[in-house]
Amino acid sequence: MAEAEEDEVDAPLVFQCKSCSIIIGDSWSMQSSDAEMETITLSAAANVSRADEAVTSKQGADVGSTFHLLHCGKCAAHLGKVYLTTARAFDALRDMYTFSTDAVTSYKLGGGEPALGADGSAAGGGGVAAVQVELAEAVDNVEKLQNLVLVLDERIAKLEEGRAEHGGGKRRRS
Ligand SMILES: [Zn+2]
């Protein structure tokens, strides 16, 4: 556990597959991160598939460890490992989801661009006032359409009247 680096995240993070952006986990289940191995380790993950076959690492920091490869459940991109047996230094990673940091991307909650500027003015467009104007225009357009439908209805009614008269004539058998 002493090997694990202290996490410096000040807001919850959502982790995503870098290839297809599907959500694979979040910082609520973050156990540790390792700058040298370039991994983050979570106790829970979503939308991932674990290979059936267990593999033994032949090189690198985790040499001698046994693990299942971890893939994205949507696009099948290689995301990391689930360790079965580890060297003492990696005890904390066992039975956890360990993701390669270059295979995942993250989104910090509350990290989006605000639609409104700090002074309340909109970044693009006129904000609430503009929306209300647009809504009024939309209602106006609907009323115009309703009038148009009524006019067309009347025309159709007249046409049908005319046709009914002709049809009536044809139906008269002698
Ligand atoms: Zn993916």
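Residues numbered from 1 in each chain as written. Predicted model: local features only at pLDDT ≥ 70, side-chain atom pairs only at ≥ 80, totals over all residues.

Right, let's talk about the overall build of the protein for a bit. Scanning the protein for helices and strands turns up one helix and nine strands. Its helices and strands taken in sequence order, the protein reads β-β-β-β-β-β-β-β-β-α from the N to the C terminus. Each of the 174 residues in the protein was classed as buried or not, and the buried ones make up 17%. Partitioning the intrachain contacts of the protein with sequence separation of at least 6 by distance along the chain shows that 48% fall at a separation of at least 24. (Helix = DSSP H or I, 4+ residues; strand = E, 2+ residues; numbered from the N terminus. Buried ≥ 20, exposed ≤ 12 C-beta atoms within 10 Å, placed from the backbone. Contact = placed C-beta atoms within 7 Å.)

Before going further, it helps to spend a moment on the confidence of the model for the protein. Per-residue pLDDT for the protein averages 84, and the proportion of residues at 70 or more is 82%. Scored below 50 in pLDDT, residues 1–7 makes 10 contacts in the model with residues more than four places away or belonging to other chains. (pLDDT = per-residue confidence, 0-100.)

What follows is about the pairing of strand E4 (residues 39–42). Along E4, one buried face is formed by Thr 39 and Thr 41 and the opposite face, lined by Ile 40 and Leu 42, is buried too. Note that strand E3 (residues 30–34) and E4 share four bridges and pair antiparallel. Following the sheet pairing, Ser 32 is matched in E4 by Thr 41. Between E3 and E4, which pair antiparallel in sequence order, lie four residues; one of them, Glu 38, sits at a positive phi of approximately 55°. Strand direction decides the pairing type here: E4 and strand E8 (residues 97–100), joined by four bridges, are antiparallel. Bridge pairing links Thr 39 to Ser 100 in E8. (Pairing = 2+ DSSP bridges.)

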